[in-house]
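# A look at the structure
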Amino acid sequence: MTPLHPGLLPGTASVPFARDLACHGDRTALVTGDGRTLSYRQLAARVEAVARRLGPQRRLLLLPGANDPGALTVYLAALAAGHPVLLVPGGTSGAVRALADAYDPDIVVHPPAAGGDGAWEIEELRPVSAHSLHPELALLLSTSGTTGSPKLVRLSRENLQSNAEAIAGYLGIRDTDRAATTLPMHYCYGLSVLHSHLLRGAALVLTSLSVADRCFWDLCREQRVTTFAGVPYTFELLDRAGFPGMELPHLRYLTQAGGRMAPERVAAYADLGRRRGWDLYVMYGQTEATARMAYLPPDLAAEHPETIGIPVPGGSFRIEPVAGEEPGTGELVFSGPNVMLGYAERPADLALGRTVHELRTGDLARRTADGLYQVVGRRARFAKIFGLRIDPGRIETALAARGITAHCTGTEDALVVAVTTDTGTGTDTGAAPDTDRIRRLAAAEAGLPARVVRVLALPGIPRLASGKPDYRALAALAAGPESPAAAPSGTAPSGTAGELCRQYALMLDRPDVTENDSFIGLGGDSLSYVEMSLRLEAVLGRLPADWHTLPIRDLARPPAGPDTASDGAGGPAGAGSPAGSARPGRRRPRLHTMETGVLLRAAAIVLIVGSHIPVFFLQGGAHVLLGVAGYNFARFHLTAAPRRERLRHARRSIARIALPSMAWIGGVVLVTGAYDPFNALLLNSAFGSMELRTRWHYWFVETLVYFLVAIVLLLAVPLLDRWERRFPLAFPLALVALGLITRFDLPGLRLEAPHLRPVVVFWLFALGWAAARAVTVRQRLLVSAVPLATVPGFFPGQTGRQLTVIGGLLLLIWISRVPSLGPVNRLAGLLAGSSLYIYLTHWQVFRLLQDAPDVLALAACLAFGIGYAALVTRVMRRLPRLRRALRRAPRRRGTPGAGVIPAGRRSHGTDRPPDHGCPRPGRTECPAAR
């Protein structure tokens, strides 16, 4: 193989896929976020021009990676012309400086200056290289998790070419494919996407948008994207973004690598892809193997989701026995043409040839009876956290350099940093350790987001009999709640990420909230949704419609500082503000919007209470609320999360409804005797008679609980869970059809007061569920036909009631938000968030005020219910803390504060895995958010 230009760099081989771009002719090579395209012929011309600019002397080139045409052109020019590239993370000046200081590059490429013409600047530090560069050396990458470390992986042009060919082969990449760049260029996984698609003449849709951005999906549809790659965290974001319900007609396949994804989620996405017509490829790799070592064929993903599959074409595995492991289990060792040349730790190492012939992965694995490989653990103390390989010893050394004595270990989803409370705190006063500072330092050193660093402030470090730190005990301690000292402290300016994290933590009782979390990801539901939206609107102004799916970082404003203007609305605002929030030099807009679901909940509860007093007589609110309940159930509980996670979330919501209801009704039974024990146990609808109509006061609460319990039991059946995911609209419509059997009394039950019977009104709940799933005009028209055809006649002789129910359901189906004002939003939000508790208590409150004006009685009922809601919220927030305290209680044997866990009681689990931090480039603002 010859270089791009014979005679330019004699005796130096180039990388074929970078050299042969022009052979793909006028096919589209690159598409930018604004829709501009560049053909392969045009890209080849640009690459040739930059190659000539780099000159005839082979030199070491440092390039900050970015999903940008300029960065990609320089990268390809260097590969084609034979210049070794030191690829570093874009946007991280510390890592760039560290590697530049360590390796003294001959050429440094700088990103475009802010406000400039968008051109990348090539700075030549010397005309002749200061280094001896091996002829095969093509690329230098940081090992996974060692960003900024001087230890680099040396990759040859054969490594790059062979792995690109292997990946393109087993994925079946076509020249008609279009891949969106969902991962950073400097990350070996993201880079392999570029290599394999350029090899086949496919198009790259260059973007830095996250899959959590609405604009990313607009871009995918507009540019007919056929594939994108993701790490485990990406798939969590897909769950929250509503990916399963999206229409992406051009999508052919997804790939997943960068760390182990839960088998249940792998199976769920494999099944989703089978139903939607695309494939899921689960892959395994390391930077030392250029990128990929194994892949799981899509047809095996649903049946064997716990495995990594088979070796890539041209590669092979062997299992090397390890003392103490079961027969058949050992260290996974890989051989193939994509195995690195070796490591580099100093400039002199750039002259070395091959020093590694096979790759010891450090993973413990076994070969299954089906011939697939399964990773079962790690051999060394290295931790692989969300795809990043972390050396805890190096973190300890880095912290020690800052005066902090720490012991570090890793779990599958967290870096654990343990410090003592009396020494080595990094302070001069011997005060309590500054856990926030320690977390930031450890995160920066490891190249991890701060939210996955777990800081433990302990009276003493657990020790083995040898006196060495007991790292397994530390990992087990990390499964409990972080020390109070580790909780964020201080007051952040209104609207900053820190302030929003505190709001989320307070509302959802989650002390581990970080800016990577979203409301849905933290387990928020319809009961907490309204109050949370009110809290956020108070500090941010108008919220985006999908705020509950967005990470906190995408909602937050930048902290006030020298570069942040303060607006007239009272607070800093900037590009990170959500749609409609204040910006520098502008007042926060007075016009807000209100979600239709919130409006209906607020209006319905006023209608219900007002009609019962009565202040007026306009019924139908409770039946509208049944539709809203189904709508919210689908929205907050039927995500793409694994089945068990969805069921656990739903059970928590049932408890939040049933327990306060039973407590209130039980208290009324004891004090007044107005009801019977069936009411207190929410069983009157099942066993009560219509002789005493007062005992049916709580039919709505009982009905709602019955519906939720029934749906949880239904979806606990794996087959039905799969059907619901496969047919998101047809499934609830089938339930509507079943409910209509009893609505029209086809069995001839002839029930008294059928509009109060759960078995009769179920179709309204299912109809609300279907409304949440109807996303196209055609689907909404179909769902709209149901209330128009079925509500008339349900309330004989009550036209107003029927019109109220039809109108409320049609609003829910067609209009997601309505114009409003800030004070109206706050009042409606307060009523909607307290609607259940107002309903529970109003029967007793207005009877105590029979001699008062009706309007005053109405106001008192609403106010008392709001107060009861506040009390219930406070009590329910304390329950998880009590449960955590009870779970920790058995560990407290032995000497208090000794930090020792009794034998046999160690746990390596966590209450909830934190959000997986994925390598993510600088976010491009979505125009729709302006």
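For clarity, every value in this text was computed on a predicted model and none was experimentally measured.

Quick notes on the rules
- Along every chain, residues carry numbers that run from 1 in the direction the sequence is written.
- Local features in this predicted model are restricted to residues whose pLDDT is 70 or higher, and side-chain atom pairs enter the listing and the counts only when it is 80 or higher, whereas totals over whole chains, interfaces and linings include all residues.
- Heavy atoms from the whole structure form the basis of all side-chain values; hydrogens and water molecules are not counted.
- Here a salt bridge means any side-chain nitrogen of Lys or Arg lying within 4 Å of a carboxyl oxygen belonging to Asp or Glu.
- Counting from the N terminus, the helices are the DSSP runs of H or I reaching at least four residues and the strands are the DSSP runs of E reaching at least two.
- Only protein chains enter the calculation, and the probe is 1.4 Å; a residue is then buried if its accessible area is under 20% of its type maximum, exposed if over 50%, and partly exposed in between.
- Only heavy atoms matter for contacts: two residues are in contact if any of them lie within 4.5 Å across the pair.
- Here, a strand pair is defined by DSSP locating no fewer than two bridges between the strands.
- Think of each axis as a best-fit line through the C-alpha atoms, taken over the contacting stretch in the case of a helix, with angles from 0 to 180 degrees between the N-to-C directions.
- What sets the label is the angle itself: under 35 degrees gives roughly parallel, over 145 gives roughly antiparallel, 65 to 115 gives roughly perpendicular, and the rest give oblique.
- Helix crossings are classified by the rotation of the near helix relative to the far one: an anticlockwise turn of less than a right angle makes the crossing left-handed, while a clockwise turn makes it right-handed.
- Under this grouping Gly is polar, as are all residues other than the nonpolar Ala, Val, Leu, Ile, Met, Phe, Trp, Tyr, Cys and Pro and the charged Asp, Glu, Lys and Arg.
- A helix is expected to span 1.5 Å multiplied by its residue count minus one.
- The predictor reports its confidence for every residue as pLDDT, a score running from 0 up to 100.
- Stacked, tilted and edge-to-face are the three classes applied to pairs of Phe, Tyr and Trp rings, where Trp contributes its six-membered ring and a pair requires centres within 6.5 Å; stacked means planes under 30 degrees apart, edge-to-face means over 60, and tilted covers the rest.

### Quick look at the pattern of salt bridges
One pass over the structure, following the stated rule, counts 27 salt bridges. For D26, the salt bridge is made with R41, and the minimal N-O distance between the two is 2.9 Å. Of this pair, D26 sits in the loop between α1 (16–19) and β1 (28–31) while R41 sits in helix α2 (residues 40–54), placing them 15 residues apart in sequence. On the accessibility criterion, D26 (59% relative accessible area) is exposed. The partly exposed category is assigned to R41, whose relative accessible area is 46%. Of the charged contacts in the structure, one is a salt bridge between E48 and R52, with a shortest N-O distance of 3.7 Å.

### A closer look at the side chain of T32
Locating T32 in the fold gives a position in the loop between β1 and β2 (37–39). Beyond its immediate sequence surroundings of up to four residues, T32 is in contact with P69 and L206.

### Describing the sheet that holds strand β17 (residues 329–335)
Spatial ordering of the open sheet is given by β16-β17-β19-β20, a layout of four strands whose pairing is antiparallel. The outermost strands of the open sheet, each flanked by one partner alone, are β16 (316–321) and β20 (373–378). Each neighbouring strand pair of the sheet contributes to a mean axis angle of 50°, computed without reference to strand direction. In this sheet, strand β19 (residues 359–367) lies alongside β17 in antiparallel orientation, the contact comprising five bridges.

### A few points about the sheet that holds β2
Strand order across the open sheet formed by nine strands is β2-β1-β10-β9-β11-β12-β13-β14-β15, with mixed pairing between neighbours. Of all the strands in the sheet, the pair left with one neighbour each is β2 and β15 (310–311). Seen against the sheet, helix α8 (residues 232–241) touches β11 (227–230), β12 (253–256) and β13 (279–285) and runs at an angle of roughly 115° to β11.

### Some thoughts on the packing of helix α25 (residues 758–773) against helix α27 (residues 799–814)
The description of two packed helices rests on the angle between their axes and on the distance between the axes. Direction vectors running N to C along α25 and α27 enclose 25°, while the axes themselves pass 9 Å from each other. It follows that α25 is roughly parallel to α27 by the angle criterion. By crossing handedness, the relation of α25 to α27 is classed as right-handed. Contacts between α25 and α27 involve L764, L767, G768 and A771 on the former and, on the latter, V805, L809, L812 and I813. Per-class residue counts for the contact of α25 with α27 are seven nonpolar, one polar and no charged.

### Quick notes on helix α17 (residues 596–612)
Here α17 contains 17 residues, and its C-alpha end-to-end distance of 24 Å stays within 8% of the 24 Å for a straight helix at 1.5 Å per residue. Where burial is concerned, most of α17 is hidden: 13 out of the 17 residues are buried.

### Focus on the confidence of the model for the protein
In this model, the protein carries a mean pLDDT of 82, and residues with pLDDT of at least 70 account for 81%. Considering only residues more than four positions removed or in separate chains, one finds that residues 481–493, a stretch of pLDDT under 50, has 25 contacts. Confidence drops under a pLDDT of 50 for residues 890–930, and excluding neighbours within four residues, the segment shows 94 contacts in the predicted structure.

### Looking at the packing of aromatic side chains
For the coordinates displayed, the defined rule picks out 31 aromatic pairs. Measuring from ring centre to ring centre gives 5.9 Å for Y837 and Y868, while their planes differ by 75°; the resulting arrangement is edge-to-face. Taken as a pair, Y837 in helix α29 (residues 835–848) and Y868 in helix α30 (residues 854–888) lie far apart in primary sequence, 31 residues in all. Residue class for Y868 comes out buried when judged on its relative accessible area of 11%.

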